[in-house]
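Here is how the chains run, residue by residue.
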Amino acid sequence: MSNDLIMDNHDDILAHIWRQLRRGGKDRRHGFHVLTIANALPDGKATQRVMVLREAEPETRLLRFHTDLRAAKSDMIGDGIPVSVLAYDAKGKTQLRMQGRGRIEDDSPRADAAWQKSVPFSRRCYLADPAPGSPTDTPISGLPSDLEGVEPTMERSEEGRKNFALLLTEITKIEWLYLAHTGHRRAVFTYDEKAESWNGQWLVP
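About the criteria used
Residues numbered from 1 in each chain as written. Predicted model: local features only at pLDDT ≥ 70, side-chain atom pairs only at ≥ 80, totals over all residues. Heavy atoms only, no water. Helix = DSSP H or I, 4+ residues; strand = E, 2+ residues; numbered from the N terminus. Buried < 20%, exposed > 50% of the residue type's maximum accessible area, 1.4 Å probe, protein only. Polar contact = N/O pair within 3.5 Å; in protein donor to acceptor, adjacent residues only side chain to side chain. Contact = heavy atoms within 4.5 Å.

*Asks:* Hey, could you run me through the side chain of Ser157 in this one?
*Replies:* Structurally, Ser157 can be placed in helix H6 (residues 154-157). The class for Ser157 is buried, based on a relative accessible area of 0%. Among the polar contacts made by the side chain of Ser157, one reaches the side chain of Arg123 at a distance of 3.0 Å. Within the local environment of Ser157, its side chain forms a polar contact with the backbone oxygen of Met154, the two atoms lying 2.7 Å apart. Excluding anything up to four places from it in sequence, Ser157 contacts Trp115, Pro120, Arg123, Leu127 and Pro152.

*Asks:* What am I meant to see in the environment of Val188 here?
*Replies:* Mapped onto the elements, Val188 comes out in strand E8 (residues 185-192). Between the alpha carbons of Val188 and Leu177 there is a distance of 8.8 Å; along the sequence they are 11 residues apart. Here Val188 is in contact with Lys173, Ile174, Glu175, Asn199, Gly200, Gln201 and Leu203, once residues within four sequence places are set aside.

*Asks:* Is there a simple way to think about unusual backbone geometry in this case?
*Replies:* Residues apart from glycine generally show negative phi values, whereas peptide bonds are mostly found in trans. With omega at 15 degrees, the peptide bond leading from Asp129 into Pro130 counts as cis. Mapped onto the elements, Pro130 comes out in the loop between helix H5 (120-123) and H6. One non-glycine residue, Arg61, lies in the positive phi region at around 65 degrees. Secondary-structure assignment places Arg61 in the loop between strand E3 (55-57) and strand E4 (62-68). Even without being a glycine, Lys93 presents a positive backbone phi close to 55 degrees. Considering the arrangement of structural elements, one finds Lys93 in the loop between strand E5 (81-89) and strand E6 (94-105).

Shown next, in the form of C-alpha cells:
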C-alpha cells in the first residue's frame with residue numbers, strides 16, 4: 001500500500017491502522033507493541049500505565065493486554081469503565097489516540113487460552129508475593145527467592161494462574177495522526193453501534 005493511499009482514503013487508513021495494531025500484538029519491535037492506557041479515578045484525577053499489547057482483533061474492535069488480578073487497575077476497571085489508549089510508532093510516523101471501554105476478564109475461555117499460550121518466563125511475574133503495588137521497606141521484585149533470574153518450570157508457573165487476568169479494551173474511537181514533511185494528515189474514526197460500521201472524518205493536523 002502506498003503512502004498516498006494510506007493518507008488520502010478513510011477505508012484504507014482504517015484497514016492500515018488495524019493491520020499495524022495486529023502487528024504490534026505479535027512483533028515486540030513494532031512501535032505499537034507497548035501502549036499507554038489511561039482512565040479516570042473516582043476522585044476525578046487520572047492515572048495511566050504502560051502495557052504490552054498482546055493481540056488486536058479488528059472484527060471485535062478489541063485490544064488485549066495481560067495484567068495481575070491483584071493489581072489496583074483490576075479492581076478499578078472491573079466489569080467496565082471508559083479508558084483511553086495512546087500508541088506511537090516512530091518508524092511509521094503514526095500516532096493513535098483511541099477511546100473505548102475496558103474490562104477485566106479472568107475466569108473465561110479467552111483468559112484460559114491466553115494463559116495456555118504464555119511461556120513459563122512470562123508467567124513468572126504472576127508468582128509475585130506480596131501483590132503488585134504492596135508497600136515494602138526495601139526494594140524487592142516480589143518474586144520467590146528461588147525464582148530470581150530463573151525461569152520456573154511449567155508446573156511451578158501454574159501456581160500463578162489464579163492471579164492472571166486480561167484487560168480487554170473495546171475501541172469505539174480512533175484519532176489517527178500521520179507525520180510527513182510534505183504535510184501531516186489527521187483523521188478521526190468513530191464506531192456507529194447501530195450501523196455496526198466506522199465513520200471517518202478528516203481533521204486539520
